[in-house]
Amino acid sequence: MPRLRVYGGADEIGGNKVLIESGDSRVFLDFGMSFSAKRRFFGTFIQPPSFALVNDYLLTGVIPSIRGIYKRELLRYGEASKLVADEPTVDAVMISHAHLDHVGHTSLLRNDIPIFMGEGTKIILEAREESRTSLTIENKIIKHHNNIKTFRTNSKIKIGDYIITPIHVDHSVPAAYGFYIDINGYTLAYTGDLRMHGPKGDMTQEFIEYCTSKSVDTLIIEGTRIDEKEIHSEHRIHEEMKKLISSASDKLVVLMMGLLDFDRIRSVLSASNLNDRTLVVPLRQAYLLDKLKREDPALETPEFKPGELAIYHERRGAGEYSDTDYKGWMKNFLNYLTDKGYPLVRDYEINENPSKFVFVINMLEDVLELARIKPPAGSPFVLSTSEPHNEEQMLEMEKLMNWINLFNMRYNHLHASGHASASELIQIIENIQPRRIIPIHTEKPMLFREYLKNTEAETRITIPKTGEEILL
Ligand SMILES: [Zn+2]
Ligand SMILES: [Zn+2]
């Protein structure tokens, strides 16, 4: 019988690392970065040195102590050196989606362990890495791994005794998947992160229907919002953004959103255009949009068009928009945008005509652009982020609020989550009717028991503990 161990994602939101073992075959479902574990010991000013990266992460429980999975060059120092092995001890890693709490620590894995991910996920990760000025060992997922294999929905992936079928699901990043796994007749389903209330809820429905039609012995289900009943749909965000923008008359609208949340871009783009405003996105987000548009047309990424969707031409170097002010990817990308004739917008243009624009920022450091643009007093600032998926995104709310107050802006929070609500999660369980339920990606797994109290399903819940074996 197969066995399972949750090495990340038990009693925490994200950091998913689920090892499935059967006979000689071992497969990881996701190998995410555990932000909660990292935060306990590390931060901006406390970073492990490269030579002791794995050692220090093992010591603090950020990554699991498993022989034969980490890159040999990271295992030279201290305790880490005990984990060296000639052959890899894991056959494959299946990545559900591009959020770092699911894929982040694959950067530490050996090159002879194949990493499977959706085609869109690979493009997103590539774009992220190509549009960074400096990359640490930890940031290099695609660049330092030459064994990445891609799949699409309904692909059949055979690894030892396993037949793995990825099925697309709706989440706050494109190319998110759940997995259906058949191991010699024993069946497992893994939700990854998903929601039903999003614009592509029918994809999640497909995953549920696939599982329902096949029967599922064990369901590993995310539970991020098991403590929340409310469902805020992306449609509602669109409606509220429309209202907010139309009432902002002669003001600038500034919106902070996740870099990869393309559904949010679509909602805000439409709300902006209906109000005769141009949506202006940062260079890095534009890079991602452009790459996805070219390399994965199926995702229907919006196009840059004057008056509709433009790119923010930020000041760099001497701050004079001269060629020599830009370096690396930014220089090349700006040249490409100019060649293509795509619309670029500068700070003084927004300053002169604030009511013609909705200005997007992705990261806290982008808030500095407000010092260039100088939004008129009373301009709305809309915080519209999903849960923090990476360190840069972790809001330092106090500083952000200080900037907002400095310009006398009006603070609003408008957000629809990428995760299913409690009632949606229970509905998924009731539809799939698994023999065993393993809640992960939640700080409150016990709530699954509460919700399923006095039903037969209650007895089928197994709450995982980090690293403990569960016999399936
Ligand atoms: Zn997640
Ligand atoms: Zn996610």
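Residues numbered from 1 in each chain as written. Chains lettered and ligands numbered in written order. Predicted model: local features only at pLDDT ≥ 70, side-chain atom pairs only at ≥ 80, totals over all residues. Heavy atoms only, no water.

A. Up close: the coordination of the zinc ion (ligand 2). Protein-derived coordination of the zinc ion (ligand 2) comes from His 97 (NE2), His 99 (ND1), His 171 (NE2) and Asp 193 (OD), at a distance range of 2.2 to 2.4 Å. Geometry at the zinc ion (ligand 2) is irregular, judged from its four donor atoms and the angles of 90 to 169° they form at the metal. Sequence positions of the donors to the zinc ion (ligand 2) reduce to the motif H-x1-H-x71-H-x21-D. Separation of the zinc ion (ligand 2) from the zinc ion (ligand 1) amounts to 3.4 Å, with Asp 193 serving as a shared donor to the pair. His 97 gets classed as buried once you look at its relative accessible area, which sits at 0%. Classification of His 99 as buried rests on a relative accessible area of 5%. (Donors = N, O, S within 2.8 Å, 3.2 Å for Na, K, Ca; no water. Tetrahedral: all angles 85-135°; square planar, octahedral: opposite > 155°, others 65-115°. Buried < 20%, exposed > 50% of the residue type's maximum accessible area, 1.4 Å probe, protein only.)

B. The packing of aromatic side chains, seen in detail. Evaluation of the coordinates by the stated rule reveals 18 aromatic pairs. Relative to Phe 333, the ring of Tyr 287 has its centre 5.1 Å away and its plane inclined at 70°; by these criteria the two rings are edge-to-face. With a gap of 46 residues between them, Tyr 287 in helix H8 (residues 283-295) and Phe 333 in helix H9 (residues 328-340) connect regions that are remote in the sequence. Take Phe 333: its relative accessible area is 4%, and that puts it in the buried class. (Phe/Tyr/Trp six-rings, centres within 6.5 Å; stacked < 30°, edge-to-face > 60°. Helix = DSSP H or I, 4+ residues; strand = E, 2+ residues; numbered from the N terminus.)

C. Highlighting the coordination of the zinc ion (ligand 1). The coordination sphere of the zinc ion (ligand 1) contains the protein donors Asp 101 (OD), His 102 (NE2), Asp 193 (OD) and His 441 (NE2), at a distance range of 2.1 to 2.2 Å. Around the zinc ion (ligand 1), the four donor atoms are arranged such that angles at the metal cover 84 to 163°; this shape is classified as irregular.

D. Focus on the packing of H8 against H9. Contact pair H8 / H9: the axes reach a minimum separation of 11 Å and the direction vectors enclose 60°. Compared by their axis directions, H8 and H9 come out oblique. The way H8 lies across H9 gives a crossing that is left-handed. Residue-level contacts link Leu 283, Arg 284, Ala 286, Tyr 287, Asp 290 and Arg 294 of H8 to Trp 329, Met 330, Phe 333, Leu 334, Tyr 336 and Leu 337 of H9. Here the contact of H8 with H9 is built from residues that sort into nine nonpolar, no polar and three charged. (Axes fitted to C-alpha atoms, helices over the stretch in contact; angles between N-to-C directions. Parallel < 35°, antiparallel > 145°, perpendicular 65-115°, else oblique. Left-handed = near helix turned anticlockwise from the far one by under 90°. Contact = heavy atoms within 4.5 Å. Nonpolar A, V, L, I, M, F, W, Y, C, P; charged D, E, K, R; others polar.)

E. Structural detail: the domain arrangement of the protein chain. Taken domain by domain, the protein chain comprises domain 1 (3-228 + 419-471) and domain 2 (234-413). Between the C-alpha centres of domain 1 and domain 2 there is a distance of 31 Å. On the side of domain 2, 23 residues touch domain 1, which itself brings 29 residues to the contact. Interface area lost by domain 1 to domain 2 is led by Ile 123, Arg 128 and Ser 131, which between them contribute 23%. Our count for the contact surface shared by domain 1 and domain 2 stands at four salt bridges. For Arg 152, the salt bridge goes to Asp 296, with nearest N and O atoms at 3.1 Å. The interface formed by domain 1 and domain 2 contains seven residue pairs in polar contact (both at pLDDT 80 or more). Only helix H1 (35-41), helix H3 (100-103) and helix H4 (119-130) provide two or more residues apiece to the side of domain 1 that touches domain 2. At seven residues, H4 tops the list of elements feeding residues into the side of domain 1 that touches domain 2. (Domains from an automatic or database assignment. Buried area = accessible area lost by both parts, 1.4 Å probe. Salt bridge = Lys/Arg side-chain N within 4 Å of Asp/Glu carboxyl O. Polar contact = N/O pair within 3.5 Å; in protein donor to acceptor, adjacent residues only side chain to side chain.)

F. Molecular detail of the packing of helix H6 (residues 234-246) against helix H7 (residues 262-274). Where H6 meets H7, the axes come as close as 9 Å, and the angle between the chain directions of the two elements is 35°. The way H6 lies across H7 gives a crossing that is right-handed. Along its contact with H6, which presents Glu 234, Ile 237, His 238, Met 241, Lys 242 and Ile 245, the element H7 presents Asp 263, Arg 264, Ser 267, Val 268, Ser 270, Ala 271, Ser 272 and Leu 274. Taken together, the residues of the contact of H6 with H7 sort by class into six nonpolar, four polar and four charged.

G. The arrangement of the nonpolar core in detail. If you look at the biggest cluster of nonpolar residues, it comprises 79 residues, and the most contacted ones within it are Phe 28, Ile 69, Tyr 70, Met 241 and Leu 279. Ranked by residues supplied to this core, first place goes to H8 with six residues. Two domains each put at least three residues into this core: domain 1 (3-228 + 419-471) and domain 2 (234-413). Filtering out sequence-adjacent residues up to four positions away, Met 241 remains in contact with Val 253, Leu 255, Val 268, Ala 271, Val 382 and Leu 414. Formed by 28 residues, the second largest nonpolar core is a distinct cluster that contains Ala 10, Tyr 162, Tyr 190 and Leu 472. (Core = buried A, V, L, I, M, F, W, Y, C linked by side-chain atoms within 4.5 Å.)

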